[in-house]
Amino acid sequence: MSRSPSALAWALLLLLGVIWGSSFMLTNIAVRDVPPMTLAALRLVCAALFLLVVAFATGARAPRRGVTWAVVVWAALLGTVLPFWLISWAQQHIPSAMTGLLMAPMPLLSLLLARIFLAGEPMEWPRIMGFAAGLGGVLLLVGPKALAGEESDLALLGQLASIGAMLLYTATGIVLTRAGPTDPAGMAAAIMSLSALVSLPLAFLLEEPNLPEITFKSWALIAALGLGATALAQILMLRIIALAGPPFFSTVNYQVPLWSAFFGAAILGEALAPAFWAALAMILAGLALAQWGARRR
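Residues numbered from 1 in each chain as written. Predicted model: local features only at pLDDT ≥ 70, side-chain atom pairs only at ≥ 80, totals over all residues. Heavy atoms only, no water.

## Some points on the overall build of the protein
Looking only at helices and strands, one finds twelve helices and zero strands in the protein. Helices and strands in the protein line up, N terminus first, as α-α-α-α-α-α-α-α-α-α-α-α. The buried share of the protein, reckoned over its 297 residues, is 50%. Relative to all contacts within the protein whose residues are 6 or more apart in sequence, the contacts with residues 24 or more apart total 88%. By element, 72% of the accessible surface of the protein is carried by carbon and sulfur atoms, the whole surface being about 13,900 Å². (Helix = DSSP H or I, 4+ residues; strand = E, 2+ residues; numbered from the N terminus. Buried < 20%, exposed > 50% of the residue type's maximum accessible area, 1.4 Å probe, protein only. Contact = heavy atoms within 4.5 Å. Areas by Shrake-Rupley, 256 points an atom, 1.4 Å probe, with all protein chains shown as cover.)

## Section: the side chain of Q255
Secondary-structure assignment places Q255 in helix α11 (residues 252-266). From its side chain, Q255 meets the backbone oxygen of L13 in a polar contact 3.0 Å long. Beyond its immediate stretch of four places on either side in the chain, Q255 contacts L13, L14, G17 and V18. (Polar contact = N/O pair within 3.5 Å; in protein donor to acceptor, adjacent residues only side chain to side chain.)

## Topic: the packing of aromatic side chains
Overall, the coordinates contain six aromatic pairs when judged by the stated rule. A centroid spacing of 5.3 Å and a plane angle of 75° characterise the contact between F262 and F263, whose relative ring orientation is edge-to-face. Given a relative accessible area of 46%, F262 falls into the partly exposed group. Grouping aromatic residues by their ring pairs yields a cluster made of W259, F262 and F263. We note R43 situated over the ring of F84; from NZ or CZ to the ring centre the distance is 4.2 Å. (Phe/Tyr/Trp six-rings, centres within 6.5 Å; stacked < 30°, edge-to-face > 60°. Lys NZ or Arg CZ within 6 Å of the ring centre and 35° of its normal.)

## What to know about the nonpolar core
By size, the foremost hydrophobic cluster in this structure holds 62 residues, and its most contacted members are L16, L39, L101, L141, I222, I240 and F276. Of all the elements, helix α1 (residues 7-30) adds the most residues to this core, at ten residues. Counting residues in hydrophobic clusters, the runner-up holds 16 residues, among them M37, A40, A41 and A203. (Core = buried A, V, L, I, M, F, W, Y, C linked by side-chain atoms within 4.5 Å.)

## Here's the deal with the packing of α1 against helix α9 (residues 216-244)
Direction vectors running N to C along α1 and α9 enclose 155°, while the axes themselves pass 9 Å from each other. With respect to their mutual orientation, α1 and α9 come out roughly antiparallel. Relative to α9, the crossing made by α1 is left-handed. The residue inventory of the contact of α1 with α9, partitioned by class, reads 22 nonpolar, three polar and two charged. (Axes fitted to C-alpha atoms, helices over the stretch in contact; angles between N-to-C directions. Parallel < 35°, antiparallel > 145°, perpendicular 65-115°, else oblique. Left-handed = near helix turned anticlockwise from the far one by under 90°. Nonpolar A, V, L, I, M, F, W, Y, C, P; charged D, E, K, R; others polar.)

## Re the pattern of salt bridges
Taken as a whole and judged by the stated rule, the model has one salt bridge. As a salt-bridge pair, K217 and D33 come within 3.7 Å of each other at their nearest N and O atoms. Highlighted residues: K217 in helix α9 and D33 in the loop between α1 and α2 (36-58), separated in sequence by 184 residues. The class for K217 is partly exposed, based on a relative accessible area of 47%. (Salt bridge = Lys/Arg side-chain N within 4 Å of Asp/Glu carboxyl O.)

## Considering the confidence of the model for the protein
Taken as a whole, the protein shows an average pLDDT of 84; of its residues, 90% reach a score of 70 or greater. Ignoring residues within four places in sequence, the model shows residues 146-150, a span with pLDDT below 50, making 22 contacts including any to other chains. (pLDDT = per-residue confidence, 0-100.)

## Quick notes on a nonpolar patch on the surface
Together, V73, W74, L77, L78 and L82 give the surface a local cluster of nonpolar side chains, amounting to about 350 Å² of exposed area. Here L78 shows up in helix α3 (residues 66-90). (Patch = residues over 30% accessible without salt bridge, like charges linked within 9 Å, V, L, I, M, F, W, Y side chains within 5 Å.)

## Considerations on the side chain of E270
With respect to the secondary-structure elements, E270 resides in the loop between α11 and α12 (274-296). Despite its burial, E270 pairs with no opposite charge, the nearest such side chain being R32 at 6.3 Å. In this structure the side chain of E270 is engaged in a polar contact, spanning 2.7 Å, whose partner is the backbone nitrogen of S96. Non-local contacts of E270, meaning those with residues more than four positions away in its chain, are made with N28, P95, S96, A97, G264 and A265. (Lys, Arg positive; Asp, Glu negative; His and termini not counted.)

As structure tokens, this is what we get:
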């Protein structure tokens, strides 16, 4: 049953949009001093410790079924560790605003995958048009010359890495539906704990020989990403869904690319070419069309 969003739900939605939108800017700064896999691992350790405390404090139950633990393994390895590393690596080569925008089409792709793998709702014309608009926005961005001032030869790979992370996030959302009834706090703590346990040795093996001394500023950024953009964001997401339902929560996707563009331009001084704004308009229009199609049904 649909619920009318309260003022608290709107406030939490705005807060979550700011947190997720600013995470790309924070990652862009942190990865200048901390190698990408190490950054991802330390961020996950912070998030795991916080969520474990929350899980114990609230009496959350850990997953108990074998199928659920198989989903936990997927979500940890392919839905958390790998995307976090890809996004951190991409931030070395493309602007933070572009990374944020390349995450935005995720709900549109989710509609398509849900239709294919979960026998979801039919892809009617508004949703088809929305998917096409979002895809067009992504295609407009892809390419080393998409934004003014890009000179890195690895820019295209950075864009593809961001798209790869978005695809993994989307696929993980579909896989999580196979977990069955679970305790959300226990599930989140399990996924983050396994992610931290896997990513730490990977970071040591891949980057330890070249690991610089981590400064206080870098630790502060890691804490902000781990505690804020990962752990706190998870709690906010669950709270918003409980207050107003998943459709209302999904509107956060309108905010994230806008906030990523704002922080990228205001804090990092990123120059955003007309192609970026055209792609942003296409992707937001695609999201609006898809959501309108869902409300019609």
